[in-house]
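Take a look at the letters that make up each chain.
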Amino acid sequence: MKIATVTPDSFIDVMLTNGWDRIAYNVLRGLSAENLKVAFGTDKNKGMGVFSKYAHTKFLHADYITEPEKFISDICEKIQQLKPRVYIPTGEEVFAVAKYIDRFNNLEIKIPIASYDKLIKLHNKSNSVKIAADLGIPIPRFIVPTSLKEIISFSKEFGLPLIFKRFLSSSSKGVYFINKKIDEKDLDVFLKKNNLNFGKYIVQQFVKGTGYGVSVLFNNGELKALFTHKRLRERITSGGPSTLRISTHQSELEEYAVRLLQSVNFHGVGMVEFKYDEEKKRGWFIEVNPRFWGSVGLAINSGVNFPFLLYKMALNGDIEEIRNYKVGVKFKWLLGDISGVLNQILKTK
């Protein structure tokens, strides 16, 4: 990786981390579009952003999963060296940053994220569905099982497929399905095979509908930007990241998302996922991603530049609310879309 030289007259506006994937690349793209100088950090000497002309300077940092404290030390060191005005985590390293937020207290840096407790509360699927239910937001039926009998009984009452979700998981990782009737013996084998331990996952009713995402920016509980997309195609048809999306509006789901995040006085960016039955005009809350999301590029292309808005809010303390954007804009994750189409072809053979 070639590292650019940073001099006092070429200060850095914003620093990014976890910069190996398409999410980080689009965050970088959104900031660069506003002529900001971006320091782009990654734990891998590869990825879209590493080779991008948009990054003013690039650097390596430790893996936030395997070496969280070393990761934080690397980031603090780079902040002292590069002196960026704002630091924005682009992915799930936001949890490590929030957990060790006190380490940044003596540095002159703005980090526009929610507290660790709030992030984990929303990220934990068991907690987030309970918050939604308490607020009167429709959710699929679910249980946190303590026995095989509970799961079998749940399947008899609510049908198949059954969805198993780890409390802390993202995208399609940590999500498993049972599509056919099984007995306790088969269920036990299934749980052990997937390392699903009681008290660490939920079992959820399957609801039929189209995937929607309501993306938001909050300033200490106050909505500042909103954008909605509809999933046209997914890499895994049973759920997971979308590969083709379109910008749209859906007032009912938007109200649910705002209500949910206002209830915890959320701060920063996030995306709330829903399923919506177009025929019955009924939606269900699915989960929260309290961080940047895979389709942030669509929001940017449609006129809601969340990375830049987050930067401005952090730097200036507040921004004017934005809800207007272009509807009908499509955005494709090309590699994921190819993978999804191939999976469908193989399934039909």
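One can find the structure itself at the top, above this paragraph.
Residues numbered from 1 in each chain as written. Predicted model: local features only at pLDDT ≥ 70, side-chain atom pairs only at ≥ 80, totals over all residues. Heavy atoms only, no water.

1. Notes on the packing of aromatic side chains
Inference 1: Evaluated as defined, the whole model comprises 15 aromatic pairs.
Inference 2: Aromatic pair Phe274 and Phe285: ring centres 6.2 Å apart, planes at 75°, arrangement edge-to-face. Note that Phe274 is positioned in strand E12 (residues 268–277) and Phe285 in strand E13 (residues 282–289), a separation of 11 residues in sequence.
Inference 3: Phe274 gets classed as buried once you look at its relative accessible area, which sits at 3%.
Inference 4: By relative accessible area, Phe285 is classed as buried at 1%.
Inference 5: Among the aromatic side chains, those forming a connected cluster through ring pairs are Phe164, Phe190, Phe198 and Tyr201. (Phe/Tyr/Trp six-rings, centres within 6.5 Å; stacked < 30°, edge-to-face > 60°. Helix = DSSP H or I, 4+ residues; strand = E, 2+ residues; numbered from the N terminus. Buried < 20%, exposed > 50% of the residue type's maximum accessible area, 1.4 Å probe, protein only.)

2. Some remarks on the side chain of Lys224
Inference 1: Checked against the element boundaries, Lys224 lands in strand E10 (residues 222–234).
Inference 2: What Lys224 contacts, discounting residues up to four positions off in sequence, is Leu217, Asn219, Met313, Asp318, Ile319, Glu320, Glu321 and Ile322. (Contact = heavy atoms within 4.5 Å.)

3. Re helix H6 (residues 148–158)
Inference 1: Looking only at H6, the buried set comprises Leu148, Ile151, Ile152, Phe154 and Ser155. The buried side chains of H6 occupy one side of the element, clustering within an arc of 160° when seen end-on. Those residues of H6 that are exposed and aimed more than 90 degrees away from the buried face are Lys149, Lys156 and Glu157.
Inference 2: Its buried side turned inward, H6 meets strand E5 (142–143), strand E6 (162–166), helix H7 (184–193) and strand E8 (201–205).
Inference 3: Where H6 terminates, the next one or two residues include Gly159, which has phi positive at roughly 80°. (Arc of directions from axis to C-beta.)

4. Remarks on helix H5 (residues 125–134)
Inference 1: Burial in H5 covers these residues: Lys125, Ser126, Ser128, Val129, Ile131 and Ala132.
Inference 2: Along its buried surface, H5 packs onto helix H4 (116–123), E5, E6, E8, helix H8 (251–263) and E13.
Inference 3: A side-chain oxygen of the first residue of H5 lies 2.9 Å from the backbone nitrogen of Ser126; this N-cap is Asn124.
Inference 4: Positive phi appears at Gly136, one or two residues downstream of H5, with a value of about 80°. (Polar contact = N/O pair within 3.5 Å; in protein donor to acceptor, adjacent residues only side chain to side chain.)

5. Overview of the nonpolar core
Inference 1: Counting residues in each nonpolar core, the largest one holds 50 residues, and the members touching the most others are Phe71, Tyr87, Phe104, Phe274 and Phe285.
Inference 2: With near-sequence residues (within four places) excluded, Phe104 lies in contact with Ile72, Ile75, Cys76, Ile79, Tyr87, Val97, Ile109 and Ile111.
Inference 3: Among the nonpolar cores identified, the runner-up in size contains 36 residues, and Phe40, Met271, Phe306 and Phe331 belong to it. (Core = buried A, V, L, I, M, F, W, Y, C linked by side-chain atoms within 4.5 Å.)

6. Structural notes on unusual backbone geometry
Inference 1: A cis amide bond links Leu160 to the next residue, Pro161, at an omega of 0°.
Inference 2: Relative to the assigned elements, Pro161 resides in the loop between H6 and E6.
Inference 3: The residue Asn195 is not glycine, and still its phi comes out positive at about 55°.
Inference 4: A relative accessible area of 49% places Asn195 in the partly exposed class.
Inference 5: One non-glycine residue with positive phi stands out, namely Asn265, at about 55°.
Inference 6: Mapping Asn265 onto the fold places it in the loop between H8 and E12.
Inference 7: The exposure class of Asn265 is partly exposed, given its relative accessible area of 37%.

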